[in-house]
Amino acid sequence: MIHRVHFREIPSTNDYAKELSKSNSIVVVTADVQTQGRGRNKKNWEGEAFKNVYLSLAINHNSFPVFKFPSRYQALGSLAVYNTLLNFIPSENIKLKYPNDIYIKENKFKKVSGVLIEHSIQGKKAESTIIGIGINVKQEIFSKDIEDKATSILKVGLNIEIETLYKILIEEINKLINLEEDDIYQDWICKLSIIGKEIILISTGFKYKVKEINNDCSLMILNEQKELLRIDNGDSIVYEL
Ligand code: BTN
């Protein structure tokens, strides 16, 4: 089983995991409280103390071979959360949203979890990958700007101990890390189920249709003039799940 280091309070589990990756081949950092939790695209990751899962998996590529396509670690992170939730929630009420969000059904689908991937590169070599996972577990009140989009496991009527979720999540990570990268990627594409869907790219406000998913997890999308465009996990999109 993967070694785990737990903190009562820490600025960000991703930052500490990055430090630990220098002396560990694979390690998990968890915390009861994050004071400077980060989300994608330089956003904060908000979360009340003692109410949520804050976990970072650090993989050192000197001792753990790196994926051919390092962006596929986002698939591993999202699937680890998906498989964990599947222990409590039926599959039709859990959805993956591109690039690496997990939604569950309250009255409508809302975000319960996000994954933040960070790579340390030295020259041309990937030194380590950090997969940061936040899951809203017992939080019931969210700030105004996300209250309509965010939910928690408690808000869908399930009172699950945070420690139980940590144990299952680490088990799921352990299973996935031993699978073939291509199998993880295919499973992610299948669960994502985005090919053929209409999306809106937030940066342009325009509508596109998803044509395919590239090997590096980026999306090929078509505009109304049938021109192809590539977007990746730095781009925010909205679409019907
Ligand atoms: C997102 O959806 O924007 C990704 C959110 C990732 C949050 C997790 S919580 C544990 C880890 N530590 C951080 O600072 N961020 C990630």
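Residues numbered from 1 in each chain as written. Predicted model: local features only at pLDDT ≥ 70, side-chain atom pairs only at ≥ 80, totals over all residues. Heavy atoms only, no water.

### Points about the sheet that holds strand E11 (residues 228-231)
As a reminder of what qualifies: Strands are treated as partners if at least two bridges between them are detected by DSSP. Labels follow the DSSP assignment, with helices taken as runs of H or I lasting at least four residues and strands as runs of E lasting at least two, numbered in each case from the N terminus.
On the basis of which strands lie adjacent, the open sheet formed by five strands has the order E11-E10-E9-E8-E12 and antiparallel pairing. Of all the strands in the sheet, just E11 and strand E12 (237-238) have a single pairing partner and so form its edges.

### Here's the deal with helix H1 (residues 13-20)
Basically, it comes down to this: Only protein chains enter the accessibility calculation, which uses a 1.4 Å probe. A residue is then buried if its area is under 20% of the maximum for its type, exposed if over 50%, and partly exposed in between. Taking the helix axis as origin, the arc is that swept by the directions to the C-beta atoms. We call two residues in contact whenever any of their non-hydrogen atoms come within 4.5 Å of each other.
Along H1, the positions that sit buried rather than exposed are Thr13, Asn14, Ala17 and Leu20. Along the axis of H1, the buried positions cluster into a sector of 120 degrees, meaning they face one direction only. Buried residues along H1 sit against strand E1 (3-10), strand E2 (26-34), strand E3 (52-60), strand E6 (109-122) and strand E7 (125-136).

### Describing the layout of surface pockets
Our working definition: Points on a 1 Å grid, built from protein atoms alone, make a cavity when a 1.4 Å probe fits but cannot get out and make a pocket when they are open with protein on both sides within 12 Å along at least 5 of 7 lines; residues with an atom within 4 Å of a point are the lining residues. Grid points are joined across faces, edges and corners, and a volume is the space filled by probe spheres set on the points. Each residue gets one label: Ala, Val, Leu, Ile, Met, Phe, Trp, Tyr, Cys and Pro are nonpolar, Asp, Glu, Lys and Arg are charged, and the others, such as Gly, are polar.
Each pocket or cavity is described by its volume, and for the largest pocket that value is around 1,000 Å³. Looking at the largest pocket, it is lined by 45 residues, and the ones nearest its centre are Lys43, Trp45, Asp101, Lys111 and Ile146. When contributions to the lining of the largest pocket are tallied by element, the ones reaching two or more residues are H1, E3, strand E5 (101-105), E6, E7 and E12. Here the element with the most residues in the lining of the largest pocket is E6; it accounts for six residues. Across the lining of the largest pocket, the residue classes break down as 18 nonpolar, 14 polar and 13 charged. Estimates place the volume of the second largest pocket at around 250 Å³. In this structure, the second largest pocket is lined by 16 residues; those nearest its centre are Ser71, Gln74, Ile117, His119 and Asn233. The leading source of residues in the lining of the second largest pocket is E6, at five residues. Per-class residue counts for the lining of the second largest pocket are five nonpolar, six polar and five charged.

### Remarks on the pairing of E5
For E5, a buried count of four out of five residues is recorded, marking the element as mostly surrounded by other parts of the structure. Direction of pairing for strand E4 (residues 94-97) relative to E5: antiparallel, over a ladder of four bridges. From the neighbouring strand, Lys95 faces E5, where its bridge partner is Tyr103. Once E4 ends, the chain turns through three residues before running back antiparallel as E5. Of the strand pairs in this sheet, E5 and E6 are connected by five bridges, and their pairing is antiparallel. Residue pairing for E6: Lys105 is matched across the bridge by Phe109.

### Regarding the packing of aromatic side chains
Counted only if it meets this: In this analysis, rings of Phe, Tyr and Trp, with Trp reduced to its six-membered ring, are considered paired at centre separations within 6.5 Å, and the interplanar angle assigns stacked below 30 degrees, edge-to-face beyond 60, and tilted for intermediate values. Charge-over-ring placement is defined geometrically: NZ (Lys) or CZ (Arg) within 6 Å of the ring centre, and within 35 degrees of the ring normal.
Here the structure, examined in full by the defined rule, presents four aromatic pairs. Ring geometry for Phe7 against Tyr16: centres 4.6 Å apart, planes inclined by 70 degrees, an arrangement best described as edge-to-face. Classification of Tyr16 as partly exposed rests on a relative accessible area of 33%. Centre to centre, the rings of Phe67 and Tyr73 are 4.1 Å apart; their planes meet at 5 degrees, and the pair counts as stacked. Taken as a pair, Phe67 and Tyr73 share a single burial class, namely buried. Through successive ring pairs, a cluster of aromatic residues spans Tyr98, Tyr185 and Trp188. The side chain of Arg4 reaches across the aromatic face of Tyr166, ending 4.6 Å from its centre. Note that Arg72 overlies the ring of Tyr185, its terminal NZ or CZ placed 3.8 Å from the centroid.

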